[in-house]
Amino acid sequence: MVYTEPAYAKLNLTLDILSKRPDGYHDLRMVMQSIDLADEVAVSPREEAGCRVTADLPYLPRDGSNIAAKAAARFFETSGVSPAGLDIGIRKRIPVCAGMAGGSSDGAAVLRILRRIYAPEMPDGKLEEAGAAVGSDVPYCIRGGTALAEDRGERLTPLPPIPPCWLVVCKPPCSISTPELFAQVQVKKLRCHPDTSGMLDALKQQDLEGIAHRVYNVFEDVLPRRYAEVFSIKSDLLGLGAMAASMTGSGPAVFGIFREQESAAQAAEALSAQYPVVRLCHPVQAFSENFL
Ligand code: ATP
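Because the structure is predicted, anything quoted here is derived from the model rather than measured.

Colleague: Looking at this structure, how should I read the overall build of the protein chain?
Modeller: Helix and strand counts for the protein chain come out as nine helices and twelve strands. Computed over the C-alpha atoms, the radius of gyration of the protein chain is 19 Å, within 12% of the 19 Å expected from 2.2 N^0.38 for a compact globule of 292 residues. Along the first, second and third principal axes, the C-alpha set of the protein chain runs to 55 × 45 × 35 Å. Looking at the protein chain as a whole, 53% of its 292 residues are labelled buried. Contacts in the protein chain between residues at least 24 apart in sequence constitute 75% of all its contacts with a sequence separation of at least 6. Entry remark: accessible area of the protein chain is about 12,900 Å², with carbon and sulfur atoms responsible for 50%. In the protein chain, 30 positive and 35 negative side-chain charges are present, and the distance between their average locations comes to 4 Å.

Colleague: Help me understand the site of the ligand in this model?
Modeller: Close to the ligand lie 17 residues, the nearest being Lys 92, Cys 97, Ala 101, Gly 103 and Asp 106. One of the backbone N or O atoms of Ile 67 is found 3.1 Å from a nitrogen atom in the ligand. Between Met 100 and the ligand, the recorded distance is 3.2 Å, taken from a backbone N or O atom to an oxygen atom. A total of 610 Å² of accessible area belongs to the ligand in isolation, and the protein chains cover 78% of it.

Colleague: What is the right way to read the packing of aromatic side chains from this model?
Modeller: The geometry of two aromatic rings is summed up by the distance between their centres and the angle between their planes. Considering all chains together, one arrives at three aromatic pairs under this definition. Consider the rings of Phe 75 and Phe 76, whose centres lie 5.4 Å apart with planes at 80°: the pair is edge-to-face. Here the two residues Phe 75 and Phe 76 agree in accessibility, since each one is buried. Ring centres of Phe 76 and Tyr 118 lie 5.7 Å apart, and the angle between their planes is 65°; this geometry places the pair in the edge-to-face category. Of this pair, Phe 76 sits in helix α1 (residues 67-79) while Tyr 118 is found in helix α2 (residues 102-118), placing the two residues 42 residues apart along the sequence. Residue Phe 76 is classed as buried on the basis of its relative accessible area of 8%. Members of the aromatic cluster, each reached through a chain of ring pairs, are Phe 75, Phe 76 and Tyr 118. Taking the ring centre of Tyr 25 as reference, the NZ or CZ of Arg 152 above it sits at 3.6 Å.

Colleague: Explanation requested: the pairing of strand β5 (residues 146-151) in the structure shown.
Modeller: Where a strand is regular, its side chains alternate between the two sheet faces. β5 sits mainly inside the fold: five of its six residues count as buried. Bridge analysis of strand β2 (residues 26-46) against β5 gives six bridges, and the strand direction is antiparallel. Note that in β5 the partner of Arg 29 across the bridge is Glu 150. As paired elements, β5 and strand β6 (residues 155-158) share four bridges and run antiparallel to each other. Bridging across to β6, Ala 147 finds its partner in Pro 158. Between β5 and the antiparallel strand that follows it, β6, lie three residues; Gly 153 among them carries a positive phi value of about 120°.

What counts, and where the lines are drawn
Throughout this description, residue numbers start from 1 for each chain and increase along the sequence as written. Confidence filtering applies because this is a predicted model: local features only for residues at pLDDT of at least 70, side-chain atom pairs given and counted only at 80 or more, and all residues used for totals across whole chains, interfaces and linings. Side-chain numbers here rest on the full set of heavy atoms in the structure, without hydrogens or water. Put simply, DSSP marks the helices as runs of H or I at least four residues long and the strands as runs of E at least two long, and each gets a number from the N terminus on. Based on C-alpha atoms, the radius of gyration is set beside the globule rule, defined as 2.2 Å times the residue count to the power 0.38. Note on exposure labels: buried denotes an accessible area under 20% of the residue type's maximum, exposed denotes more than 50%, and partly exposed covers the range between, all computed with a 1.4 Å probe on protein chains only. Any two residues whose heavy atoms approach within 4.5 Å at even a single point are treated as in contact. Accessible surface area values rest on a Shrake-Rupley calculation with a 1.4 Å probe, where residue burial reflects the displayed protein chains alone. Note on charges: Lys and Arg go in the positive column, Asp and Glu in the negative column, and His and the chain ends are not counted at all. Charge positions come from single atoms, namely NZ of Lys, CZ of Arg, CG of Asp or CD of Glu. Any residue with at least one heavy atom within 4 Å of a molecule or strand is counted as near it. Throughout this description, a polar contact denotes any pair of N or O atoms lying within 3.5 Å of each other; where both atoms belong to protein, one of them has to be capable of donating a hydrogen while the other can accept it, and for residues adjacent in sequence the pair is counted only when both atoms sit in side chains. Aromatic rings from Phe, Tyr and Trp, taking only the six-membered ring of Trp, are treated as a pair when their centres fall within 6.5 Å; an angle between ring planes under 30 degrees marks them as stacked, one over 60 as edge-to-face, and anything in between as tilted. The criterion for a charge sitting over a ring is simple: Lys NZ or Arg CZ within 6 Å of the ring centre, and within 35 degrees of the ring normal. Being paired, for any two strands, means DSSP has found at least two bridges between them.

So yeah, pure geometry; function would need other evidence.
So this is what it looks like as structure tokens:
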């Protein structure tokens, strides 16, 4: 029997860094949004013990270091279910190392599938706890939709869904090291912070203009000069009619928000002439029925 789940990518409508914690991590405040760009994750229980991961990208880890395998191991530790042999297959659609939580989302899909198979009574909180031990974006990826993520990203508050819109995502051909970017941040020196409470109000009012107006990622403030392409994609998106444009997570993927499909499709086509990874997407609402 093969069990499948889509593993949706996320975008950061906002990303704020509030403080550096004594444990070296940062306290964050982020408004997250899932989009209909998804990896396909398939899990098949098998007789033979252990977890085997296959992926359609040769450079992804196939051993226990794959986030999907880590999630499976953590599920069996947390649930008390005796570890089963598993084949996990991943068809990668989310750009890797883009700031779109691709690996976390694969891990979250594995957790959702394993709960479905082995522990349907497991409460959401416990599944999210298992996810948090794998990575701080995993609990959000388990539930998806529009949510406020706080602390390291694992404390979640569901939010009203973003109103219908189109999202153009473009990833330049560079990768940014997340630890390197965090190392650039001196919280007191950040010049600007997102208006997160204004963003929450705008979501409540279903005011797309107000939402677009408040899209902001503090990492842009500390982005080293060699990633200037991020800013040129942002200005291209704005020039092509986006209501707002921002880097997502620790980048380098950038997205633009459009009200109309036609202008979004034209922007995506124009950017495709210059960049290999350009996607036209929709927002996705919370997708695990347990979290609705
Ligand atoms: P985030 O937005 O959570 O910071 P990201 O989008 O920047 O994540 P990922 O695509 O999740 O980054 O990949 C980060 C690293 O994790 C890569 O070095 C990759 O090799 C490794 N990795 C392990 N498992 C996976 C997986 N299932 N999918 C993608 N990357 C994986």
